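Listed here are the chains, written in short residue letters.
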Amino acid sequence: MAKTETRDAVFEALSDPTRRELLALVGRLENATATELARELPVSRQAVSKHLGVLSAAGLVEPERTGREVRYRLTPAPLSEAMAWMAGVGAQWDARLARLERQLSR
Amino acid sequence: MSDDVMRETEVAADPERVWRSLTDPALLAEWLGEDARVQLAPGGDLAIRTLDGEERTGWVETADAPTRLAFWWRERKGGDPTRVEFELEETEGGTRVRVTESRPLARLELQAAELTGGMGGATGGPHMLLRA
């Protein structure tokens, strides 16, 4: 893939908050199936599969088929580790600042 | 590419009040974590159980009331030490709150790995995006 295409694919893949959360989750759970990942998120298994497809096309996660199961893990490159870290930490601060705003609006 | 996460929001409260939210254990319990113990001075100890369920410990780097609070923390059971900085700026309607969390040490390790020519077996390399 040309570098601009890669960058666009990564940018597009991370534009969606659910996908950012999913990417962070793939980093935390390591080798989880779509069903296991869906259990941790407020979206359906079908939606998770679709999001995993986008993350996989962007080279951020990779599927591994063993028998009838497909397990997902972060692509072993520092980039995806950094992306997962940023996605996870970003989601944490979003939630924290929302709570801080509530406290200060009282 | 830098590993910085930055978030910004504006709240309808003056910087002094926001500062109390950042430093008072009873107020911290409502939005960041419980059982906070913070020594508000450079080098002071910090411990908190975040609402995400992590036991975090660290130390204060800067505490300039009511504009700048910077500290380093890490999960007690391991994990990367990271640096968190809050910047408060008074605005017409209240305060702009900016928080930045970064991993300066991860960057140092990456640079060290590049200098020594190895990436510890990783297949992509730190600048995969730029080289691809």
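In this text, all values refer to a predicted model and were calculated from it rather than measured experimentally.

Here is what the cut-offs are and how they apply
- Residues numbered from 1 in each chain as written.
- Chains lettered and ligands numbered in written order.
- Predicted model: local features only at pLDDT ≥ 70, side-chain atom pairs only at ≥ 80, totals over all residues.
- Heavy atoms only, no water.
- Pairing = 2+ DSSP bridges.
- Helix = DSSP H or I, 4+ residues; strand = E, 2+ residues; numbered from the N terminus.
- Axes fitted to C-alpha atoms, helices over the stretch in contact; angles between N-to-C directions.
- Phe/Tyr/Trp six-rings, centres within 6.5 Å; stacked < 30°, edge-to-face > 60°.
- Buried < 20%, exposed > 50% of the residue type's maximum accessible area, 1.4 Å probe, protein only.
- Core = buried A, V, L, I, M, F, W, Y, C linked by side-chain atoms within 4.5 Å.
- Contact = heavy atoms within 4.5 Å.

A.B. asks: Please explain the sheet that holds strand β7 (residues 95-102) of chain B as it appears in this structure.
C.D. replies: By definition, the strands of a sheet pair up through backbone hydrogen bonds, in either a parallel or an antiparallel sense. Residues and elements named next belong to chain B. The sheet built from seven strands is open, its strands ordered β1-β7-β6-β5-β4-β3-β2 with antiparallel pairing. Single-partner strands in this sheet number two, and they are β1 (4-11) and β2 (33-38). Within this sheet the neighbouring strands show an average axis-to-axis angle of 20 degrees, counted without direction. Pairing between strand β3 (residues 45-50) and strand β4 (residues 55-64): five bridges, direction antiparallel. Bridging from a neighbouring strand, I48 pairs with R56 of β4.

A.B. asks: So what exactly am I meant to see when it comes to the packing of aromatic side chains here?
C.D. replies: Within a pair of aromatic rings, the relevant descriptors are the distance that separates the centres and the angle that separates the planes. Under the counting rule described, the total for this entry stands at six aromatic pairs over all chains. Relative to W73 of chain B, the ring of W93 of chain A has its centre 6.4 Å away and its plane inclined at 25 degrees; by these criteria the two rings are stacked. Of the two residues, W93 of chain A is situated in helix α5 (residues 78-104) and W73 of chain B in strand β5 (residues 68-75); the pairing between them involves two chains. W93 of chain A sits in the buried class, given a relative accessible area of 1%. Relative accessible area serves as the criterion here: at 2%, W73 of chain B is assigned to the buried category. A centroid spacing of 6.4 Å and a plane angle of 35 degrees characterise the contact between F71 of chain B and F86 of chain B, whose relative ring orientation is tilted.

A.B. asks: What exactly am I supposed to notice about the nonpolar core here?
C.D. replies: It is characteristic of soluble globular proteins that their nonpolar side chains tend to be buried jointly. In this structure, W93 of chain A together with V18, L22, W31, W73 and F86 of chain B are the most contacted members of the largest nonpolar core, which totals 29 residues. For this core, the secondary structure elements donating two or more residues are α5 of chain A together with β1, α1 (15-23), α2 (25-31), β3, β5, β6 (78-90) and β7 of chain B. A total of eight residues in this core trace back to one element, the largest contributor, which is α5 of chain A. Excluding residues that lie within four positions of it along the chain, V18 of chain B makes contacts with L104 of chain A together with V11, A13, L88, T95 and V97 of chain B. V26, L52, A58 and L74 of chain A belong to the second-largest nonpolar core, a separate cluster that totals 22 residues.

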